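Letter by letter, the chains look like this.
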Amino acid sequence: MKINFEQISNINVDCVIGFGDGCIVAGNLKKNNLRFFSTPFDWQMNYSLENVYSLLENEGKNFFKNYKFDSKYNKRNHLGVIDTDNGMISLHDFNKYLPNKINHIIFKYKHKRRFKRLHKILQDAQNICIATLRSITTQEII
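What you see is a predicted model, and the numbers here were worked out from it, not measured in a lab.

Procedures and definitions
- Residues numbered from 1 in each chain as written.
- Predicted model: local features only at pLDDT ≥ 70, side-chain atom pairs only at ≥ 80, totals over all residues.
- Heavy atoms only, no water.
- Helix = DSSP H or I, 4+ residues; strand = E, 2+ residues; numbered from the N terminus.
- Buried < 20%, exposed > 50% of the residue type's maximum accessible area, 1.4 Å probe, protein only.
- Contact = heavy atoms within 4.5 Å.
- Areas by Shrake-Rupley, 256 points an atom, 1.4 Å probe, with all protein chains shown as cover.
- Polar contact = N/O pair within 3.5 Å; in protein donor to acceptor, adjacent residues only side chain to side chain.
- Salt bridge = Lys/Arg side-chain N within 4 Å of Asp/Glu carboxyl O.
- Arc of directions from axis to C-beta.

Asks: Which residues make up the overall build of the protein, and what values go with them?
Replies: Across its full length, the protein carries four helices and six strands. Reading the protein from its N end, one meets helices and strands in the order β-α-β-α-β-β-β-α-β-α. C-alpha extents for the protein along the principal axes are approximately 50 × 30 × 25 Å. Looking at the protein as a whole, 35% of its 142 residues qualify as buried. At a minimum sequence separation of 6, the contacts of the protein that also span at least 24 residues come to 53%. Counting every atom, the protein has about 9200 Å² of accessible surface; 52% of that belongs to carbon and sulfur.

This is the structure in C-alpha cells:
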C-alpha cells in the first residue's frame, strides 16, 4: 500500500517503528521510505503488544529462547519456527539448507544486535510513531 502523504497532517517524530502483526507493516514502511532500521519484530507474526513490551523490557533475552519447528509455516527456503513461550512465529529466519544449530546461532546474533539498536533508538527518541496492522485502540498502544 502506498501512503498518500498529501492527506496526512504533518507530524514530527524521531522514528517510526512497526509492530506487525506480520510482515506487511515492515514491507509498507520500507516501500514508503519510513523504515531506516530493522527491528526484531519486523518479519515475525502472531505476537501481542504485551509480548513486545515484555521482550523490550529484558532487551530480548527470552526471544525464541524455547522454540519448535512447525512445517505448516515453512516457506520456499525457510523453516517455520514458533516461540513456545509466547506463540510468536518466525517465517524468514531459519534457512532450510543450514543445520539448525547454525541457524539458531545466526538468529540469536542478528536479533541481539537488533534489540540493542532498537533499545538505543527508543532511549534517544522523544516522539515515536508506531505503525501497526491490528484492530486495537490508541489507548492499547500507549
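Asks: Describe the side chain of D42, with residues and values.
Replies: Along the chain, D42 turns up in the loop between α1 (24-31) and β2 (44-45). With a relative accessible area of 4%, D42 lands in the buried category. Only 2.8 Å separates the side chain of D42 from the side chain of R35, close enough to count as a polar contact. A polar atom in the side chain of D42 sits 2.9 Å from the side chain of T39. In this structure, D42 is in contact with G18, G22, C23, A26, R35 and F37, ignoring residues within four places of it in sequence.

Asks: Go over the pattern of salt bridges, please, and point to the residues and values.
Replies: This model, assessed by the stated rule, comprises three salt bridges. Among the salt bridges present, the one from D42 reaches R35, with a minimum N-O distance of 2.8 Å. The salt bridge partner of D93 is K110, with a shortest N-O separation of 2.5 Å. Of this pair, D93 sits in strand β5 (residues 89-95) while K110 sits in helix α3 (residues 100-124), and the two are 17 residues apart along the sequence. Owing to a relative accessible area of 12%, D93 belongs among the buried residues under this scheme.

Asks: Lay out α1 with the relevant residues and their values.
Replies: Here α1 has its buried residues at V25, A26, N28 and L29. Buried residues of α1, viewed axially, fall in a sector of 165°; they line one side. Of the surrounding elements, those touching the buried residues of α1 are β1 (15-18) and β6 (128-131). Directly beyond the C-terminal end of α1, a positive phi value near 55° is found at N33.

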